[in-house]
Amino acid sequence: MSFTNLFELITSATGILMSLGYFLQAKKIFKNKSADDISLAQYVILGIGTVTWTAYGIYTRDTVIVIGFLLGAVGSWLVFFLALTYRTKRSQNE
């Protein structure tokens, strides 16, 4: 295995691990049925950024970028929509 291949593997694995943070936040929102302290603007910015990087990776056929950002894109938008859902439900119940 060349250094380049090893570095690509490490970078892809790191991208996947970083993306898990979004899913952990989504799990917490879903479990608590609350998103009171979640910044919607932050997740919109992260969602736009991760989608842009994923599109760039697809365009340039860079698998490392696609792997690193695709899960992040899904996770960031998942957090955003869960936060929006549970904020709306809480507002309707009050």
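Undergrad: Can you walk me through the side chain of S19 in this structure?
TA: Examined against the element boundaries, S19 turns out to sit in helix 1 (residues 3-32). Within the structure, the side chain of S19 is placed 3.1 Å from the backbone nitrogen of G72, a separation counted as a polar contact.

Undergrad: So what exactly am I meant to see when it comes to the side chain of T50 here?
TA: Structurally, T50 can be placed in helix 2 (residues 40-60). The exposure class assigned to T50 is buried, which follows from its relative accessible area of 7%. Engagement of the side chain of T50 in a polar contact is seen with the backbone oxygen of G47, the distance being 3.1 Å. Beyond its immediate chain neighbours, meaning those up to four positions away, T50 contacts Y22, F69, G72, A73 and S76.

Undergrad: For this particular structure, what's the right way to read the nonpolar core?
TA: The nonpolar side chains of a soluble globular protein tend to be buried with one another. Core analysis: the largest hydrophobic core is formed by 12 residues, namely Y22, A26, I29, A35, I38, L40, Y43, V79, F80, L82, A83 and Y86. Only helix 1, helix 2 and helix 3 (63-93) provide two or more residues apiece to this core. Among the elements that take part in this core, helix 3 stands out by supplying 5 residues, more than any other. Apart from residues no more than four positions distant in its own chain, V79 is found in contact with Y22, Q25, A26, I29, I38 and Y43.

Undergrad: Could you clarify how one ought to interpret the layout of surface pockets in this entry?
TA: Take a probe with the size of a water molecule and roll it over the atoms, and the empty space left behind shows itself. The volume enclosed by the largest pocket comes to roughly 190 Å³. Lining the largest pocket are T11, G15, M18, S19, Y22, T50, V64, I65, G68, F69 and G72. Those elements that place two or more of their residues in the lining of the largest pocket are helix 1 and helix 3. Partitioned by chemical class, the residues of the lining of the largest pocket number 5 nonpolar, 6 polar and no charged.

Undergrad: Please explain the confidence of the model for the protein as it appears in this structure.
TA: Caution applies to low-pLDDT parts of the model: their predicted coordinates are not meant to be read in detail. Considering every residue of the protein, the mean pLDDT works out to 91; 93% of them sit at 70 or more. Per-residue pLDDT, averaged within each element of the protein, yields its smallest value for helix 3 (88) and its largest for helix 2 (96).

Undergrad: Help me understand the environment of G15, please; the structure alone is not making it clear to me.
TA: With respect to the secondary-structure elements, G15 resides in helix 1. We classify G15 as buried; its relative accessible area is 11%. Once the C-alpha coordinates of G15 and L78 are considered, the two residues, 63 residues apart in sequence, prove to be 17 Å apart.

The rules behind these values
- Residues numbered from 1 in each chain as written.
- Predicted model: local features only at pLDDT ≥ 70, side-chain atom pairs only at ≥ 80, totals over all residues.
- Heavy atoms only, no water.
- Helix = DSSP H or I, 4+ residues; strand = E, 2+ residues; numbered from the N terminus.
- Polar contact = N/O pair within 3.5 Å; in protein donor to acceptor, adjacent residues only side chain to side chain.
- Buried < 20%, exposed > 50% of the residue type's maximum accessible area, 1.4 Å probe, protein only.
- Contact = heavy atoms within 4.5 Å.
- Core = buried A, V, L, I, M, F, W, Y, C linked by side-chain atoms within 4.5 Å.
- 1 Å grid on protein atoms, 1.4 Å probe; cavity = no way out; pocket = protein on both sides within 12 Å on 5 of 7 lines; lining within 4 Å.
- Points joined across faces, edges and corners; volume = space filled by probe spheres on them.
- Nonpolar A, V, L, I, M, F, W, Y, C, P; charged D, E, K, R; others polar.
- pLDDT = per-residue confidence, 0-100.

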